[in-house]
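Coordinate inspection notes
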Amino acid sequence: MRLATIGHWLYRRAENILALMLAVMFLSFLAQIIFRYLLNLPIGWTSELTVVMWLWLVLWGAAFVVREEEEIRFDLVYGGVGPKARRIMAILSALALLGLYLLSLPAVWDYVTFMKVQSTAYMKIRFDFLFSIYVIFAVAAIGRYGFILWKALFGRAPKEFDPTKASSGV
């Protein structure tokens, strides 16, 4: 099995997990409306679950589903310069982001592991489990920007900075 095939399969599973989180969030939101306004029995766990799913959905999606070309950036500046300047901008931004994520990772880890002492009000989810998605996101971002830096340093065209396109041969 080729590496690109495995990567595509993993990407599709990440999308499936993201869709599942969105479905859980939506169903929890519907349950909250039904219980509060139709049954006049307000419940708190639905609101809590919606917030938890939103947090995980955003960070999971940013870590594993959003492609590099879909990231928000200053296209006005980036698009107005030539390929060599784009490569330099990619190298500088990748180095800056790698530095920031790597520098913050020990503190993030300490904070997340410290938060095992608290849990959510209704569902009793420990905060270290809840916030662990940020550690996953930070590690994925380090991997992503390390890959972008490697591609930029070794002369790839700016269009090929997207890992999904580079691995599929497009």
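In what follows, the accompanying structure is described. (Residues numbered from 1 in each chain as written. Predicted model: local features only at pLDDT ≥ 70, side-chain atom pairs only at ≥ 80, totals over all residues. Heavy atoms only, no water.)

Some remarks on the pattern of salt bridges
For the record, the criterion: The working definition used for a salt bridge is a side-chain nitrogen of Lys or Arg within 4 Å of a carboxyl oxygen of Asp or Glu. Secondary structure elements are defined from DSSP: runs of H or I of at least 4 residues count as helices, runs of E of at least 2 residues count as strands, and each element is numbered from the N terminus. Only protein chains enter the accessibility calculation, which uses a 1.4 Å probe; a residue whose area is less than 20% of its type maximum is buried, one above 50% is exposed, and one in between is partly exposed.
Applying the stated criterion across every chain yields a total of 2 salt bridges. One salt bridge in this structure joins Arg 12 and Glu 15, with 2.7 Å as the shortest N-O distance. Placement of the pair is Arg 12 and Glu 15 together in helix H1 (residues 3–38), with a separation of 3 residues, close to one helical turn. With a closest N to O distance of 2.5 Å, Arg 126 and Asp 128 form a salt bridge. Owing to a relative accessible area of 33%, Arg 126 belongs among the partly exposed residues under this scheme. Judged by relative accessible area, which is 11%, Asp 128 ranks as buried.

Things to note about unusual backbone geometry
Phi is positive for Asn 40, which is not a glycine, with a value near 55°. The phi dihedral of Lys 124 falls on the positive side, at around 55°, and the residue is not glycine. As for its position among the elements, Lys 124 is in the loop between helix H4 (83–114) and helix H5 (127–153). Under the relative-accessibility criterion, Lys 124 is labelled exposed at 56%.

Quick notes on the packing of aromatic side chains
Threshold: Aromatic pairing here means that ring centres of Phe, Tyr or Trp (its six-membered ring) are within 6.5 Å. Orientation follows from the plane angle: under 30 degrees is stacked, over 60 is edge-to-face, and everything else is tilted.
If you walk through the whole model with that rule in mind, you get 7 aromatic pairs. Consider the rings of Tyr 101 and Phe 137, whose centres lie 6.0 Å apart with planes at 80°: the pair is edge-to-face. Separated by 36 residues along the polypeptide, Tyr 101 in helix H4 and Phe 137 in helix H5 bring together distant segments of the chain. Judged by its relative accessible area of 16%, Tyr 101 is buried. Ring pairs connect the aromatic residues Tyr 101, Tyr 134 and Phe 137, which therefore count as one cluster.

Quick notes on the packing of H4 against H5
This is how it is decided: Lines fitted to C-alpha atoms define the axes here, with helix axes fitted over just the stretch in contact, and angles between the N-to-C directions of these axes take values from 0 to 180 degrees. Angle categories: roughly parallel below 35 degrees, roughly antiparallel above 145, roughly perpendicular from 65 to 115, and oblique for all the rest. Take the far helix as the reference: if the near one is turned anticlockwise from it by less than a right angle, the crossing is left-handed, and if turned clockwise, right-handed. Ten residues, namely Ala, Val, Leu, Ile, Met, Phe, Trp, Tyr, Cys and Pro, are considered nonpolar, four, namely Asp, Glu, Lys and Arg, are considered charged, and the remaining ones, Gly among them, are considered polar.
Taken N-terminus to C-terminus, the directions of H4 and H5 make an angle of 155°; their axes are 8 Å apart at the nearest point. When the axes of H4 and H5 are compared, the pair comes out roughly antiparallel. Note that H4 runs across H5; the crossing there is left-handed. Considered class by class, the residues forming the contact of H4 with H5 number 26 nonpolar, 3 polar and 2 charged.

Quick notes on the side chain of Glu 48
Heads up, the condition is: Positive residues here are Lys and Arg, negative ones are Asp and Glu, while His and the chain termini are left out of the count. For the purposes of these results, a polar contact is taken to be a pair of N or O atoms within 3.5 Å, where, inside protein, one atom must be able to donate a hydrogen and its partner to accept one; residues adjacent in sequence count only when each atom of the pair is a side-chain atom.
Checked against the element boundaries, Glu 48 lands in helix H2 (residues 45–65). In this structure Glu 48 is buried but unpaired, with Lys 124 as the nearest side chain of opposite charge at 7.7 Å. Polar side-chain contacts of Glu 48 include one of 2.8 Å to the side chain of Thr 120.

Observations regarding the environment of Tyr 122
Worth spelling out the cut-off: We call two residues contacting when some pair of their heavy atoms lies within 4.5 Å.
Tracing the backbone shows Tyr 122 in the loop between H4 and H5. With 74 residues separating them along the chain, Tyr 122 and Glu 48 place their C-alpha atoms 7.2 Å apart. With residues up to four places along the chain from it excluded, the contact list for Tyr 122 reads Gly 44, Trp 45 and Glu 48.

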